[in-house]
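Okay, here's what each chain looks like letter by letter:
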Amino acid sequence: MSATKQKTVYETVIGLEVHVQLKTDSKIFCSCSTEFGGAPNTHTCPVCIGLPGTLPVLNKKAVEYAVKAGLALNCNICDYSKFDRKNYFYPDLPKAYQISQYDKPVGEDGYIEIEVEGEEHKIGITRIHLEEDAGKLIHEGTIDFSTGSLVDYNRSGVPLAEIVSEPDIRTPAQAREYLVQLKSIMEYLGVSDCNMEEGSLRCDANVSLRPKGQKEFGIKTEVKNMNSFKAVEKALSFEVQRQKKILDSEKKVVQETRAWDEDLEETISMRGKEEAHDYRYFPEPDLVPLEISREWINEIKEDLPELPRVRKKRFIDEYGLPEYDAGVLTDTRALADLFEDAAAAHNEPKAVSNWIMSEHLRKLNEEELSPGESKVKGRQIGELLNLIEDDTISSKIAKDVFEKMFITGQDPEQIVEEEGLKQISDEGQLEAIIEEVIDENPEVVEDIKNGKDKAVGYLVGQIMQKTKGQANPQKANRMLRENIKKD
Amino acid sequence: MKIYEMSAGELLDKKENGELDTEDILNAFRERIDEVEDRVRAFITVSEKEVSEELAEMETGGELEGIPLAVKDNMSTADMETTCASKILQGYNPPYDAAVIEQIRKQGGVIAGKTNLDEFAMGSSTENSAFYPTRNPWNLDHVVGGSSGGSAAAVAAGEVAAALGSDTGGSIRQPASFCGVVGMKPTYGNVSRYGLIAFASSLDQIGPLTRNVEDSARILNVISGHDKRDTTSVDREFPDYMEFIKEDVSGMKIGVPREYFAVDFDKEVEKTVKDSLEVLQEAGAQIEEVSVIEPEYALAAYYIIAPAEASSNLARFDGVRYGSRSAAEDVSSMFTRTRSEGFGEEVKRRIMLGTYALSSGYYDDYYLKAQKVRTLIKDRFAELFSGYDLLVSPTSPSTAFKIGAEKDLMEQYRADIFTVPVNIAGIPAISLPCGFDSQGLPVGFQIMGPHYGEGAILQTAYTLEQKLNLEQKPEL
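Residues numbered from 1 in each chain as written. Chains lettered and ligands numbered in written order. Predicted model: local features only at pLDDT ≥ 70, side-chain atom pairs only at ≥ 80, totals over all residues. Heavy atoms only, no water.

S.K.: Help me understand the nonpolar core, please; the structure alone is not making it clear to me.
M.R.: Soluble, globular proteins show a tendency: their nonpolar side chains are buried together. Core analysis: the biggest nonpolar cluster contains 97 residues, and L16, Y178 and M186 of chain A have the highest contact counts within it. Formed jointly, this core draws a minimum of three residues from each of two domains, domain 1 (10–297) and domain 2 (306–419) of chain A. Core analysis: the next-biggest nonpolar cluster, separate from the first, contains 94 residues, I197, V290, L299 and I351 of chain B among them. (Core = buried A, V, L, I, M, F, W, Y, C linked by side-chain atoms within 4.5 Å. Buried < 20%, exposed > 50% of the residue type's maximum accessible area, 1.4 Å probe, protein only. Domains from an automatic or database assignment.)

Structure, rendered in structure tokens:
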């Protein structure tokens, strides 16, 4: 018998806890504004800074958003739900407890469908519950040489939905795709911006490995401080490898909380199991239990928009788009709406898709805008494509027109009109310019006659230059050839 | 009769017929405070405003126009420090008025000052105040009860016409009983808690301490009502409580809980209370013995639930935003030192009790079990009130004991045995004076009613008050 033991094959088990900031106008328990970026402590009142004697009043809109999100995540919405206090001391937590939901969340037992490398996966959602956000600590100077800390309570009391997945995720790539889908769904519903950099989506992960085929879970670690989708994938990949090394050397993984260090590209131990908080949850006596009526749930359900995966499928079926196009276009609701409006004005879906995916997305990227922030309407993109199709402008001119549309939001016709960009298709006008170019370039004409066909392009270029790009290039090409042949 | 001896009703009548004006009233009570406050020490803060200033600021035409009232120092006031009789809140000036303060001011009431209490309302003698104990106007060597001891004493001593207290386990009724005044704990949800610094949120309720039952109804009219800032305040039609100020108990079915009288308590108190029962019977009430859940169970549940909620409610006093702060090297030591130095012994004890009861591994055995007991008690009361209009008992097992008297903790906690079940069930109850013991100290009679049964309670209390017609006044 060989002494080398067969290496155990491990299966990765990941569960995600995602906090999504709900974009209600006011906070969850008071009427302060939730707007991001105000001067410190300007969006506060006695309630959200937790002054003694103040009481919370639940914001109905926050409940509506959580129900909406729950329904879109295929959860059962609980008609009886309640709030609990999660107790811990921290300067950014003004009451020294967070109002959250412990055993009666808004929604339970849902799922998200994701697709990774052509394989479909159904990731279970354990629960979705409502809670309040805490404030933010600001350290004077640098964190190492800080003379003191300041607290900004503007964020204190901003509504959050916490979405907890089942441990159904098997790879870091799946985890990332789960987040992409989740973000897309929230964005479609209009309940959250899910901006990881601004902190409106925050994600913690529970990671463990187990021998393939084993049912019991291995010892898990909790990974925090991942600030982008990319960071999530990287941190989880690192953590999986770290645990695998430990297990391969026949040691035990320590149950603990670890933080992802973006610069070092590794996870670092934050605190062990012994230091884990006992939050001493108990029912919040200042709030009456939350009863969500069936009628209200149904009302919200009827109002749900078509969700990204369904819409993607429809884009493939209805517009005959390639799967890739459909995926990109349905990533955000604003972009999908833009496409449909454009396709309604210009009946060539693939041409519309091409324009949006190349020109429109490029401009959004350049200007660092989200699809919802652009001034260009779908109808205008359709009209622009119509102008190309009926030879009013060349596709090269169309790009310049689009630049203007993007900045001003004007209709393409108006820009073409105002700037005199109409394509020269008039044969008489074109003929005169062609003759001019032929006269000026006798050697090139000679070359062409001798079979150097490529030189035609040079002459067409000259024509375009003389017409400031307004000549119809196909026409110019054809007429030029005829003219030379004629000689 | 001296002005400071008059009830709010009498003062309003005298104003109506021109015998007195607001200035006379405010001056008379100011003088009385100057005269007796050194001995009684009912207040933590006395309003520093001149009478002329009060007159200028006062709303006119309201139900309490020109009536000076004292407020327990756990209700937020925008123009006065609010300390909860704790070092940790010294120097804290709330930027807002509690809902009840708004209501009082809207009706022309004048807030004369903030009264002493057991620190954060935890206690039954006002000896747990971080500053000083309040002394009983009937005998300055005796306690005033608690935790609303300062409010009860201020009314008894004639420093104000009426006062507000808060009642979590008897904190209005027991000091009312010890000081010979009327104290009413309304149904949970009747009065907004907005601005009341919470001790135990599911039990706390604000109510009046007054010279007589009629004033109790008058003030209840002012402070009751739905407030959308307190979602536990009930949204319903509120009656005019003054309509229940009539002498009539004919046909009233009153239950006397056997288990309460089975408790070992002061014989003189028992006799005085039983005499009053006879008075009610002669007046036409139907008195019957009934069986309730032994009050010991309510007491046990109370000393889990109240500390549990308190441990969380008092966590915000961490030195970060307001009140006192003890300097330390890092945040966590700052929390520890601030709280170690800022809270008194009894408050710390209850925070620890409550923290323990909520801890993982103990929650089911303590907090959850206490909540189940609470449900049973609630249900039993509801059942009884389907057959009886009211229940009656002594307010406290004893009269006011001596300041500094050695008592073990369990004995101290037992002082709440007759009052706590009412808070556990969320029902209303009143304490009114029904006589005196051999030392000349007042005895309190407690009347309990079903949810929103304040009307029947007031009517019965008023009838008993008229029949007993007690005229003794404390001599100061």
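Structure shown, so let's carry the discussion forward.
S.K.: It is not clear to me how a negative patch on the surface should be interpreted in this structure. Could you clarify?
M.R.: Residues and elements named next belong to chain A. Together, E295, E299, E302 and D303 make up a region of like negative charge exposed at the surface. Turning to its location among the elements, E302 is positioned in helix α4 (residues 294–302). Take E302: its relative accessible area is 70%, and that puts it in the exposed class. (Patch = residues over 30% accessible without salt bridge, like charges linked within 9 Å, V, L, I, M, F, W, Y side chains within 5 Å. Areas by Shrake-Rupley, 256 points an atom, 1.4 Å probe, with all protein chains shown as cover. Salt bridge = Lys/Arg side-chain N within 4 Å of Asp/Glu carboxyl O. Lys, Arg positive; Asp, Glu negative; His and termini not counted. Charge placed at Lys NZ, Arg CZ, Asp CG, Glu CD. Helix = DSSP H or I, 4+ residues; strand = E, 2+ residues; numbered from the N terminus.)

S.K.: Please explain the packing of aromatic side chains as it appears in this structure.
M.R.: For any pair of aromatic rings, the description consists of the separation of the ring centres together with the inter-plane angle of the planes. A full pass over the atoms with the stated rule returns 30 aromatic pairs over all chains. Taken together, a centroid distance of 5.7 Å and an interplanar angle of 40° make the contact between F89 of chain A and F335 of chain B tilted. Of the two residues, F89 of chain A sits in the loop between β4 (84–87) and β5 (97–100) while F335 of chain B sits in helix α11 (residues 331–342), which places them in two different chains. On the basis of relative accessibility, which here comes to 7%, the residue F335 of chain B falls in the buried class. Here the aromatic cluster, defined as three or more aromatic residues joined through ring pairs, consists of Y92, F120, F317, Y322 and F343 of chain B. Taking NZ or CZ as reference, K60 of chain A lies 4.9 Å from the ring centre of W296 of chain A, over its face. A cation over a ring is seen here: K86 of chain A above Y279 of chain A, with NZ or CZ 4.3 Å from the ring centre. (Phe/Tyr/Trp six-rings, centres within 6.5 Å; stacked < 30°, edge-to-face > 60°. Lys NZ or Arg CZ within 6 Å of the ring centre and 35° of its normal.)

S.K.: Quick question: what am I supposed to make of the sheet that holds strand β1 (residues 10–21) of chain A here?
M.R.: The strands making up a sheet are joined through hydrogen bonds of the backbone, oriented either antiparallel or parallel. Residue and element names in this part refer to chain A. Strand order in this open sheet of nine strands is β2-β6-β7-β10-β1-β11-β12-β13-β14, and the pairing throughout is mixed. Whereas interior strands pair on both sides, the edge strands pair on one side only; in this sheet they are β2 (76–77) and β14 (266–272). Bridge analysis of β2 against strand β6 (residues 107–116) gives two bridges, and the strand direction is antiparallel. Residue pairing across strands places N76 opposite E108, the latter belonging to β6. Sitting on the sheet, helix α3 (residues 229–248) touches β1, β11 (201–211), β12 (221–226), β13 (256–261) and β14, and the angle it makes with β11 is about 25°. (Pairing = 2+ DSSP bridges. Contact = heavy atoms within 4.5 Å. Axes fitted to C-alpha atoms, helices over the stretch in contact; angles between N-to-C directions.)

S.K.: In this structure, what is going on with the side chain of R127 of chain A? I would like to understand it.
M.R.: Residues and elements named next belong to chain A. By the secondary structure assignment, R127 is in strand β7 (residues 119–132). Of the side chains bearing the opposite charge, E108 lies closest to the buried R127, which forms no salt bridge; the N-O distance is 6.1 Å. Among the polar contacts listed, one links the side chain of R127 to the backbone oxygen of Y102, at a separation of 2.7 Å. Excluding its chain neighbours within four sequence positions, the residues that come into contact with R127 are Q101, Y102, P105, G107, E108, E162, I163 and V164. (Polar contact = N/O pair within 3.5 Å; in protein donor to acceptor, adjacent residues only side chain to side chain.)

S.K.: Got a minute to help me understand the packing of helix α10 (residues 295–313) of chain B against helix α12 (residues 345–358) of chain B in this structure?
M.R.: Relative orientation and spacing of two packed helices are given, respectively, by the angle between their axes and the distance between those axes. Residue and element names in this part refer to chain B. Contact geometry of α10 with α12 gives a least axis separation of 7 Å together with a crossing angle of 100°. Classified by the angle between their axes, α10 and α12 sit roughly perpendicular to one another. Seen from α10, the contacting residues are Y303, I304, P307, A308 and S311; seen from α12, they are R350, I351, L353, G354, T355, A357 and L358. Residue composition of the contact of α10 with α12, grouped by class: eight nonpolar, three polar and one charged. (Parallel < 35°, antiparallel > 145°, perpendicular 65-115°, else oblique. Nonpolar A, V, L, I, M, F, W, Y, C, P; charged D, E, K, R; others polar.)

S.K.: Please explain the environment of L55 of chain A as it appears in this structure.
M.R.: Mapped onto the elements of the fold, L55 of chain A is located in the loop between β1 and α1 (60–72). The class of L55 of chain A is buried, set by a relative accessible area of 6%. Distance from L55 of chain A to D286 of chain A, taken between C-alpha atoms, is 6.5 Å for residues 231 residues apart in sequence. When neighbours within four sequence positions are excluded, L55 of chain A is seen to be in contact with F29, V47 and D286 of chain A together with R193, Y194, R229 and D230 of chain B.

S.K.: What exactly am I supposed to notice about the interface of chain A and chain B here?
M.R.: One widely used convention gives an interface's size as the accessible area the parts lose upon coming together. Residue-level contacts link 32 residues of chain A with 36 residues of chain B. Summed over both sides, the interface of chain A with chain B buries roughly 2700 Å², with 60% coming from carbon and sulfur. R193 of chain B is paired through a salt bridge with D286 of chain A; the nearest N and O atoms lie 3.0 Å apart. Between chain A and chain B we count 16 residue pairs in polar contact (both at pLDDT 80 or more) in total. (Buried area = accessible area lost by both parts, 1.4 Å probe.)

S.K.: Looking at this model, I keep getting lost on the pattern of salt bridges. Mind explaining?
M.R.: A side chain with one charge can pair with a side chain of the opposite charge if their charged atoms come near. Under the defined criterion, the tally for this structure stands at 72 salt bridges over all chains. Between D97 of chain B and R105 of chain B there is a salt bridge; the shortest N-O distance is 2.9 Å. A relative accessible area of 15% places D97 of chain B in the buried class. R105 of chain B gets classed as partly exposed once you look at its relative accessible area, which sits at 22%. Note that D318 of chain B is salt-bridged to R321 of chain B, the shortest N-O span being 3.1 Å. For R321 of chain B, a relative accessible area of 21% gives the class partly exposed. Through salt bridges that share partners, E359, R362, K363, E366, E367, K399 and E403 of chain A make up one connected network.

In short, geometric facts, not functional conclusions.
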